[in-house]
Amino acid sequence: MREAWEFGKAHGVAWSFVSWLMLAEYAYNRGDMAAAERYCSDPSGTEPKTYMAGSVDSTRFSLFARSGDDRAAEAWANRSWKLPIAGQVNSLGSWSALGNSVIGLASLGRKEEAASLWPLTKELLLTGAWLIRSALLCRTVAGIAAASAGDWAASEEHHRTAIYQADTAPYKNLQPVAREWYAAMLLDRNSPGDADKGRAPLQDAITKYESLGMTYPAKLASKKLSAL
């Protein structure tokens, strides 16, 4: 990806910011948040002019929120990205912004705001897409929003489907992510037996994170497991 960025920079390729977004995710997985933040930028100023508009800033917000960075709240308050509009065709950037917004808000514990995006996530699923770029499973996004809205049955269905899709596609880097958010839903629902039921997918997520070298999310998930 660094080579792709350098090639794009040398040859004036407008889409080089996409390489940086992917590098930001890699940096997050290693726990190099300084690099992740640096990569979550578009020095060319190209991204806002494209159908990917909103991807960069919303990804930065999501990374801040997932890592517990205090700047996440400020990033959300000062957000400039546009979310999809119900009932019409929308850009990839707006769908990406929706996914990052739901995940970021849920990570911050701002359930009411995440719940308000539940109707839009239903429209996301109607596109037929399984994932947005390489970082977001649509069903996981829907499952998080549904849980935030208290629609536990829908949430569990979406999370289980997300795990199935990640395993069968396969999207290996998203297999532990799907399991961690499913575990979060079970623990948040807290019906009889949910606490014990949630430990298995959370432990499975940690094992998969570690096997893929995703050391930072493995560390964060391990803290959650230890707190149970």
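Here goes a summary of the coordinates provided. Throughout, a residue's number is its position along its own chain's written sequence, starting from 1. Thresholds applied to this predicted model are a pLDDT of at least 70 for local features of residues and 80 or more for the giving and counting of side-chain atom pairs; totals over whole chains, interfaces and linings are not thresholded and use all residues. With hydrogens and water set aside, each side-chain value is computed from the structure's full complement of heavy atoms.

**Some thoughts on the overall build of the protein**
Threshold: Secondary structure is summarised from DSSP: a helix means a run of H or I of at least four residues, a strand means a run of E of at least two, and numbering begins at the N terminus for each. In this description the radius of gyration comes from C-alpha coordinates, and the expected globular size is given by 2.2 Å times residues to the power 0.38. Working definition: with a 1.4 Å probe on protein chains only, accessible area under 20% of the residue-type maximum means buried, over 50% means exposed, and in between means partly exposed. Here, residues are in contact when the closest pair of their heavy atoms is within 4.5 Å. Surface exposure here means Shrake-Rupley accessible area, sampled with a 1.4 Å probe, where a residue is shielded only by the protein chains that are shown. His residues and chain termini do not enter the charge count, which takes Lys and Arg as positive and Asp and Glu as negative. By convention, the point assigned to a charge is CZ for Arg, NZ for Lys, CD for Glu and CG for Asp.
The secondary structure content of the protein amounts to 13 helices and 2 strands. Over its C-alpha trace the protein gives a radius of gyration of 17 Å, about what one expects of a compact globule, namely 17 Å for 228 residues. Taken over the C-alpha atoms alone, the protein extends approximately 60 × 40 × 35 Å along its principal axes. Buried residues in the protein amount to 48% of all 228 residues. Restricting the contact set of the protein to residue pairs at least 6 apart, pairs at least 24 apart contribute 57%. With the model as given, the accessible surface of the protein reaches about 10,800 Å², and the carbon-plus-sulfur share is 53%. Side chains of the protein carry 25 positive and 24 negative charges; the gap between the two charge centres is 2 Å.

**Comments concerning a nonpolar patch on the surface**
Cut-off, in case you're wondering: Each patch is built from residues that are more than 30% exposed by relative accessible area and take part in no salt bridge. Like charges join if they lie within 9 Å; nonpolar side chains (Val, Leu, Ile, Met, Phe, Trp, Tyr) join within 5 Å. We define a salt bridge as a side-chain nitrogen of Lys or Arg found within 4 Å of a carboxyl oxygen belonging to Asp or Glu.
Taken together, the side chains of F7, V13, W15, Y51 and L92 present a nonpolar region at the surface, about 490 Å² in accessible area. Structurally, V13 can be placed in the loop between α1 (2-11) and α2 (17-30).

**Overview of the environment of A27**
Mapped onto the elements, A27 comes out in helix α2. Each C-alpha atom of the pair A27 and Y39 lies 8.5 Å from the other, and the pair is 12 residues apart in sequence. For A27, the residues in contact, after removing those within four places along its chain, are D32, A35, A36 and Y39.

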